[in-house]
Amino acid sequence: MPPTLDLPFVRHHFPALSGDWTFLDNAGGSQILKPVVDRITEFLYESNVQLGASYAVSQLATERVAAGAMAMATLINAADPAEVILGPSTSALLRMLAQCVRPTLQPGDEIIVTNADHEANISPWMELQREGMVLKTWRVNAVTLELELADLAALLTPRTRLVAVTHTSNVLGSIHPVRAIADLVHAHGALLCVDGVAFAPHRRVDVQALDVDFYTFSLYKVYGPHLALLYGKKERLLALPGYNHYFIEDTAIPYKFQPGGSSYELSYSLTAIPEYFEALAQHHGSPRDADPIDQAFALIQQHEGDLNQRLLSFLHSRPRVRIIGRQTADPAERVSTISFVVEGLSSDQIPPQLDAHRIGIRYGHFYALRLIEDLGLLPNQGVVRVSLVHYNTIAECDRLIEQLAELF
Ligand SMILES: Cc1ncc(COP(=O)(O)O)c(C=O)c1O
């Protein structure tokens, strides 16, 4: 078992946590690491010039931006930093990807989306119906709240070209077996595009182990700045048409997918994210031969298991509560994004009651509108969602529980 996470050490890295707010809406956006902010400033004060010129400051800026992409390749264990595309948001990157995939498809080709995804990984694919592609939906079992692999198998045909699925639903919190999904999808000759936004703040993303073709998440939810990342397997990116000027070569990855480049200062600031996880591993005495990022996420997983246990035991003990997602606290099965509804209360009645106690949670459909509709939860104003991350403490969880206990 990994050692217990040293919360004062963790929290010391996040200046925003020194105030009196309890931030439990982290699936919306996490707090930012101080070294990330420091590097934004450093870039702007020391190297705020255009990349690629011969003079020293431009060379420094070029190196710094490249180091950001390299850091992201390390974070997700990509084989090559050229496989990492940076962009403003996951929503924008997936729209761009769908536009680049479009000319590689023929009318009648099939695409599978789920009803458990955030809309970012649904509508860019659904809109390809206008070009004659056939869309199918892999639906969550309304009783078990699971995406069943057998249901996907039944949808795959020789015409399937791409499957778009979430690694973890931002409502249900369940961790889907992406490697098994990838094997099934690849056995049918199709590509897999995974939305990892609700997963990446909680567990290690290892794109090689997952064997995904495309994988995306938002860095502003992984303790970084407002940027997002799209990983693509090198041979897939090379085979796609680009999204940039006509004279940008087809071999220029990732640049052919980054019109105008990505924000320089924010890209450079990304270097501080893997460094933080490495520092976490080192602080907790992780073995030298182990991958420090894997080690850091093992510590995080264990702590999240404790947070899950605390909150879910409380929710299970309240007869009016229905947990919308996996019932288990096991951090191998779910992340600490926990949604629920309360009999006799509309979801919009709950979070505002906590505002005065300086506890931030929220309610709604979280842009997973199709899921909330299919589960019949829209008239109830969606779900109440508490999304904890590793910097949250058991004491914060107890503060929340104390207030919730007053309400139901
Ligand atoms: C699961 C999931 N996917 C995609 C997105 C969209 O991310 P972005 O805001 O970077 O477009 C979100 C945002 O909340 C999300 O939770």
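Residues numbered from 1 in each chain as written. Predicted model: local features only at pLDDT ≥ 70, side-chain atom pairs only at ≥ 80, totals over all residues. Heavy atoms only, no water.

### A few points about the environment of A79
Alright, step 1. Among the structural elements, A79 can be located in the loop between helix 3 (56-76) and strand 2 (84-87).
Alright, step 2. In the structure, A79 is positioned 135 residues away from F214 in sequence and 13 Å away in space, judged by C-alpha atoms. (Helix = DSSP H or I, 4+ residues; strand = E, 2+ residues; numbered from the N terminus.)

### Some thoughts on the site of the ligand
Alright, step 1. Neighbouring the ligand are S89, T90, S91, H118, A120, N170, D195, V197, S218, Y220 and K221.
Alright, step 2. T90 is positioned such that a nitrogen or oxygen atom in its backbone is 2.9 Å from an oxygen atom of the ligand.
Alright, step 3. One of the side-chain nitrogen or oxygen atoms of D195 is found 2.5 Å away from a nitrogen atom of the ligand.
Alright, step 4. Taking 400 Å² as the accessible area of the ligand by itself, protein coverage stands at 89%. (Near = heavy atom within 4 Å. Polar contact = N/O pair within 3.5 Å; in protein donor to acceptor, adjacent residues only side chain to side chain. Areas by Shrake-Rupley, 256 points an atom, 1.4 Å probe, with all protein chains shown as cover.)

### Focus: the side chain of N308
Alright, step 1. Structurally, N308 can be placed in helix 12 (residues 292-317).
Alright, step 2. A relative accessible area of 0% places N308 in the buried class.
Alright, step 3. Setting aside its immediate chain neighbours within four residues, N308 contacts S313, A329, P331, R334, V335, S336 and I338. (Buried < 20%, exposed > 50% of the residue type's maximum accessible area, 1.4 Å probe, protein only. Contact = heavy atoms within 4.5 Å.)

### Points about the packing of aromatic side chains
Alright, step 1. Scanning the entire structure with this criterion turns up 13 aromatic pairs.
Alright, step 2. With centroids separated by 5.7 Å and ring planes inclined at 75°, the aromatic side chains of F14 and Y223 adopt a geometry described as edge-to-face. With F14 in the loop between helix 1 (7-12) and strand 1 (22-23) and Y223 in the loop between strand 7 (214-218) and strand 8 (228-232), this residue pair connects regions lying 209 residues apart in the sequence.
Alright, step 3. Here F14 falls in the buried class, since its relative accessible area comes to 1%.
Alright, step 4. Centre to centre, the rings of Y246 and F247 are 5.2 Å apart; their planes meet at 85°, and the pair counts as edge-to-face. Taken as a pair, Y246 and F247 share a single burial class, namely exposed.
Alright, step 5. One aromatic cluster is present, built from ring pairs that chain together F14, Y223, Y276, F277, F297 and Y391. (Phe/Tyr/Trp six-rings, centres within 6.5 Å; stacked < 30°, edge-to-face > 60°.)

### Structural notes on the packing of helix 11 (residues 272-283) against helix 12
Alright, step 1. Viewed as axis vectors pointing N to C, helix 11 and helix 12 meet at an angle of 70°, and their least axial separation amounts to 8 Å. Here helix 11 is positioned roughly perpendicular relative to helix 12, judged by the angle of their axes. For the pair helix 11 and helix 12, the contacting residues are P274, F277, E278, L280 and A281 in the first and P292, I293, Q295, A296, F297, L299 and I300 in the second.
Alright, step 2. The residue makeup of the contact of helix 11 with helix 12, split by class, is 10 nonpolar, 1 polar and 1 charged. (Axes fitted to C-alpha atoms, helices over the stretch in contact; angles between N-to-C directions. Parallel < 35°, antiparallel > 145°, perpendicular 65-115°, else oblique. Nonpolar A, V, L, I, M, F, W, Y, C, P; charged D, E, K, R; others polar.)

### What about the state of the cysteines?
Cysteine pairs can be linked by a disulfide, which is a covalent bond between their two sulfur atoms.
Alright, step 1. Applying the stated criterion to the full structure yields 0 disulfides.
Alright, step 2. Residue C100 stays outside any disulfide, its sulfur separated by 12 Å from that of C193, the closest cysteine.
Alright, step 3. Look at C100 and you get buried, because its relative accessible area is 2%. (Disulfide = S-S within 2.5 Å.)

### Side note on the pattern of salt bridges
Alright, step 1. Throughout the structure, instances matching the rule amount to 26 salt bridges.
Alright, step 2. In this structure, E46 engages R64 in a salt bridge whose closest nitrogen and oxygen atoms are separated by 2.7 Å. Here E46 is found in helix 2 (residues 34-46), whereas its partner R64 is found in helix 3, with 18 residues between them in sequence.
Alright, step 3. Given the relative accessible area of 10%, R64 is considered buried. (Salt bridge = Lys/Arg side-chain N within 4 Å of Asp/Glu carboxyl O.)

### Thoughts on the pairing of strand 3 (residues 110-114)
Alright, step 1. The element strand 3 is extensively covered by neighbouring structure, given that 5 of its 5 residues are classed as buried.
Alright, step 2. A two-sided burial pattern is seen for strand 3, the buried positions comprising E110, I112 and T114 on one face and I111 and V113 on the other.
Alright, step 3. Across 5 bridges, the pairing between strand 3 and strand 4 (residues 134-138) is parallel. The residue bridging E110 from the neighbouring strand is V134, located in strand 4.
Alright, step 4. Pairing between strand 3 and strand 5 (residues 160-166): 3 bridges, direction parallel. Looking across to strand 5, one finds that E110 is bridged to T160. (Pairing = 2+ DSSP bridges.)

### Focus: helix 11
Alright, step 1. A rise of 1.5 Å per residue sets the reference length of helix 11, with its 12 residues, at 16 Å; its end C-alpha atoms lie 16 Å apart and thus fit the reference within 8%.
Alright, step 2. Restricting attention to buried positions, one finds in helix 11 the residues A272, I273, P274, Y276, F277, L280 and A281. (Expected span 1.5 Å × (residues − 1).)

### Digging into unusual backbone geometry
Alright, step 1. The omega angle of the peptide bond from I253 to P254 is 5°, so this bond is cis rather than trans.
Alright, step 2. When you line up the elements, P254 lands in the loop between helix 9 (234-239) and helix 10 (264-269).
Alright, step 3. You will see that L145, though not glycine, has its phi angle at about 60°, which is positive.
Alright, step 4. Considering the arrangement of structural elements, one finds L145 in the loop between strand 4 and helix 6 (149-155).
Alright, step 5. Of note, Y223 is a non-glycine position whose phi angle comes to about 70°, a positive value.

### Details of the domain arrangement of the protein
Alright, step 1. If you check the domain split of the protein, you get domain 1 (7-34 + 292-407) and domain 2 (37-273).
Alright, step 2. Buried area between domain 1 and domain 2, summed over both chains or domains, comes out near 3300 Å², and the portion from carbon and sulfur atoms is 55%.
Alright, step 3. It is F297, R370 and L371 that lose the most area in domain 1 upon contact with domain 2, and together they represent 19% of the buried surface on that side.
Alright, step 4. As a salt-bridge pair, E304 and R203 come within 2.8 Å of each other at their nearest N and O atoms. (Domains from an automatic or database assignment. Buried area = accessible area lost by both parts, 1.4 Å probe.)

### Examining the sheet that holds strand 12 (residues 362-364)
Alright, step 1. The sheet built from 4 strands is open, its strands ordered 9-10-13-12 with antiparallel pairing. Each edge of the open sheet carries a strand with a single partner, namely strand 9 (321-323) and strand 12. With strand direction ignored, the average angle separating the axes of adjacent strands in the sheet is 35°.

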